[in-house]
Amino acid sequence: MSTLRFQAIKETLNRQPIPVTEPERRSSIFGKHVFNKSAMRHHLTKQAYKSVMSAMETGTKIDREIADHISTGMKDWAIQNGATHYTHWFQPLTGSTAEKHDAFFELEMSGEVMEKFDGGQLVQQEPDASSFPNGGIRNTFEARGYTAWDPTSPAFIMGTTLCIPTVFVAYTGEALDFKTPLLRSLQSIDQAATAVCKYFDKNVSKVVATLGWEQEYFLIDSALASSRPDLDLSGRTLLGHASAKGQQLDDHYFGSIPARVLNFMRDMETECMLLGIPVKTRHNEVAPNQFELAPIFEEANLAVDHNSLLMDVMRKTAARHHFKVLFHEKPFAGINGSGKHNNWSLSTNTGVNLLGPGSTPMKNLQFLTFFINTIKAVHDHEELIRASIASASNDHRLGANEAPPAIISVFIGSQLTEVLDQLEKVTDGKLTPEEKTDLKLNVVGKIPEVILDNTDRNRTSPFAFTGNKFELRAVGSIANCANPMTVLNAIVAKQLIEFKKEVDALIKDKKLKKDEAIFNVLREYIKKSKKIRFEGDGYGEAWAKEAAKRGLSNNKTTPTALKAKISKKSIALFEELNIMSKIESEARYEIEIEEYAMRIQIEGRLLGDIARNHVIPTAIRYQNTLIENVRGLKEIYGKDFKKIAHEQMEIIEEISDHIAKINKGITDMTEARKKANNAKDAVETAHLYCDEVKPFFEEIRYHCDKLEILVDDELWPLTKYRELLFTR
Ligand code: ADP
Ligand code: MG
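Reading guide: rules and limits
- Residues numbered from 1 in each chain as written.
- Chains lettered and ligands numbered in written order.
- Predicted model: local features only at pLDDT ≥ 70, side-chain atom pairs only at ≥ 80, totals over all residues.
- Heavy atoms only, no water.
- UniProt positions renumbered as here; feature names shortened; annotations may be inferred.
- Helix = DSSP H or I, 4+ residues; strand = E, 2+ residues; numbered from the N terminus.
- Buried < 20%, exposed > 50% of the residue type's maximum accessible area, 1.4 Å probe, protein only.
- Contact = heavy atoms within 4.5 Å.
- Donors = N, O, S within 2.8 Å, 3.2 Å for Na, K, Ca; no water.
- Patch = residues over 30% accessible without salt bridge, like charges linked within 9 Å, V, L, I, M, F, W, Y side chains within 5 Å.
- Areas by Shrake-Rupley, 256 points an atom, 1.4 Å probe, with all protein chains shown as cover.
- Salt bridge = Lys/Arg side-chain N within 4 Å of Asp/Glu carboxyl O.
- Lys, Arg positive; Asp, Glu negative; His and termini not counted.
- Charge placed at Lys NZ, Arg CZ, Asp CG, Glu CD.
- Domains from an automatic or database assignment.
- Core = buried A, V, L, I, M, F, W, Y, C linked by side-chain atoms within 4.5 Å.
- Pairing = 2+ DSSP bridges.

The chain goes by Glutamine synthetase type III in an unreviewed UniProt entry, where it is assigned to Nonlabens agnitus. The UniProt entry for the chain carries the following comment under Sequence similarities (unreviewed entry): "Belongs to the glutamine synthetase family."

This is the structure:
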């Protein structure tokens, strides 16, 4: 009997919900572990407080002397709240967060003990950077990088450690993390959008991008998860026969949240409250043991930090509740995978959501301006958006009829389509007074009511307008949102800069009025970006054909998709906006291409190991039982035994057939891996892993899964799908 599997099941069946304590009111603890404005007001001198505020709001530099004041206040606050250590918290390109803890505790030469944390330690640190991915930016003999404080995201306490959000850059200045380009892109969109806002409201002096992510995930009992080496090491099951019952009945989606899970959620949400992560919504998702969590949206940099932090909190809290949280986009074949919708918009310092319709025609013209420019930006850079969400794990999801396809398109709903259709007919050049009135009354003036009516939400679209924001739905559940958000900010910033140039030119050269010029430019954008708009079923085969006709890209795999990151156009875009240099763009491409190959390599090795060490020996053991049985029958029945032993003999052969195919598959796959490893460069390696290695997975899995349903259940060593998904 397979002990680990049955032990795990027994352990799971005996679990009780872990008791949790929650505050009476969540609002009473919100942000208690964050060095937020109120904590700063208490613990900083007036001058220090003003300096941080101005750094946060306008990006001014904090001088060293003031930094000393800030660090002292921050340290006092942190120690009062139970912190003993501090760390620079950053997001290297490994995909998780990194931290190295240092104690506040210092021993002076005199033997005196004190608690120390000065401005220098707050502002800059030099972690040992040699083990983080850098895409060839740093030579190993110069493997130095430093972390620098990002005052726009407040410090917080996690456990007993004060965490200071920082950027992570090479000594030579290149970004080695997700945050640096994101911050630069936020600066770009601020400048570009503020300039455009001035057409409509001179009081606008700052625009921030906002992000509200929705995090999907699976929860599996930790004992069950550890009984599966594939889940443990690759985050997904590489084999496993489908459970007879999966998500067909939708009973999980509409059912109540299981008791153990609910306690996990309450515990995790309490931690989120303390950390100032404004979580709001929780519910079951479509697949068994799949759930979702969504916060109130925030400024994008903070929202990105909060998502990274949340994933960390979830992992830790899950362990306390004897769960393993799976962020992989496709942990189980045959049932839905997980994504992370990124709801994105732009908001002014005057409190206006630029993608929300307004109450006057002028405000709606502003809305249309940002709305149409965003569509145009996506049209011009659809391949870059696809590249920004590409990963080995997300490849399983995109285009698998549960998530948007790998083709990027924009959905806006039928009513806004009508508005754009009318705007497309605006006269070239000067408008007559009648046309202006008509536009005001019947097109621009009508928008608020239309959008309220617009309840049609196409779930199959990767980029959908949902009333007051765009929703990028193709982001993977394990991804850092910074990547797609950097791209979105960048392409819209570039687009807005061009828009402003064109409008200004029409005003200056053609002597058009401001609104006439805007209508004229928008008309052309509507025409030029038409092919990116799609209102139909994004899952259908028909769309793939239609998209090809329209000339839209359909980059199905990561190695192909990533190329857009180093296209001339993308490199120029990032350089022009000072978001990434050519070296930085190329380094990121290199890192991601290498990561892709490594992930497929790990999965290949794992699958080979499991199939040869677990599946084949088990199948042989069962086959031996059958052989024993047949031999016994022969002994009793003599030459007539075949009539009785017929079925057993067939199974014996079937088993041999599957074993042979598995074995051959693994041998061939190993050969393919060798070829991939010896390819001329990382790019070719990644393509070979994708095209030559990965296809063996399906083949090997197919035969393993067949054996799973042939072999005596008692012998099967790997916890089965029905047990992983339904044992609670
Ligand atoms: P769903 O897509 O599941 O139907 P909603 O439409 O309610 O959910 O959107 C949920 C997310 O959209 C939330 O995380 C919310 O904070 C976010 N959101 C709402 N308004 C904005 C905005 N202006 N900017 C960014 N995100 C927003
Ligand atoms: Mg959504």
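Having seen the model, we can carry on.
The next thing to look at is the environment of L354. Residue position: L354 is located in the loop between strand 14 (340-348) and helix 12 (361-380). Among the residues examined, L354 registers a relative accessible area of 1% and is labelled buried. Residues L354 and C197, 157 residues apart in the sequence, show an inter-C-alpha distance of 8.9 Å. The contacts of L354, once residues within four sequence positions are left out, are C197, V207, L346, T348, Q366, F367 and F370.

Let us look at the coordination of the magnesium ion (ligand 2). Protein-derived ligands of the magnesium ion (ligand 2) are E214 (OE), E214 (OE), H341 (ND1) and E471 (OE), with the metal-ligand distances lying across 1.9 to 2.6 Å. When the donor residues of the magnesium ion (ligand 2) are listed from N- to C-terminus, their spacing reads E-x126-H-x129-E. Pair noted here: E214 is in strand 9 (residues 207-221) and E471 is in strand 17 (residues 470-472), with a separation of 257 residues, a long-range link. Accessibility assignment for this pair places E214 and E471 in one class, buried.

Another aspect to go through is a negative patch on the surface. Taken together, E647, E650, E653 and E654 make up a surface patch of like negative charges. As for its position among the elements, E653 is in helix 23 (residues 641-677).

Let us look at the domain arrangement of the chain. Assigned domains within the chain: domain 1 (31-174), domain 2 (187-580) and domain 3 (595-726). On a C-alpha basis, the centroid separation for the pair domain 1 and domain 3 is 51 Å.

For the structure shown, the criterion picks out 46 salt bridges. For R15, the salt bridge is made with D221, and the minimal N-O distance between the two is 2.7 Å. Within this pair, whereas R15 is found in the loop between helix 1 (3-13) and helix 2 (37-43), its partner D221 is found in strand 9, the two being separated by 206 residues in sequence. Given a relative accessible area of 15%, R15 falls into the buried group. A relative accessible area of 3% means that D221 is categorised as buried.

On the surface, F105, L107 and V113 cluster together to form a nonpolar patch covering roughly 320 Å² of accessible area. Tracing the chain through its elements places L107 in strand 3 (residues 105-107). Residue classification places L107 among the exposed positions, given a relative accessible area of 56%.

Looking now at the nonpolar core. The biggest cluster of nonpolar side chains holds 118 residues, and the ones touching the most others in it are Y217, L368, F371, L423 and I491. Looking at which domains feed residues into this core, each of domain 1 (31-174) and domain 2 (187-580) supplies at least three. Core analysis: the next-biggest nonpolar cluster, separate from the first, contains 47 residues, I600, A611, I659 and L710 among them.

When you tally the buried positions in strand 9, you get 14 out of 15 residues, the bulk of the element. Where strand 9 and strand 11 (residues 290-295) come together, 4 bridges link them in antiparallel fashion. Looking across to strand 11, one finds that Q215 is bridged to L293. In this structure, strand 9 lies alongside strand 13 (residues 323-326), joined through 4 bridges in antiparallel fashion. Counted as the bridge partner of F218 is L326 from strand 13.

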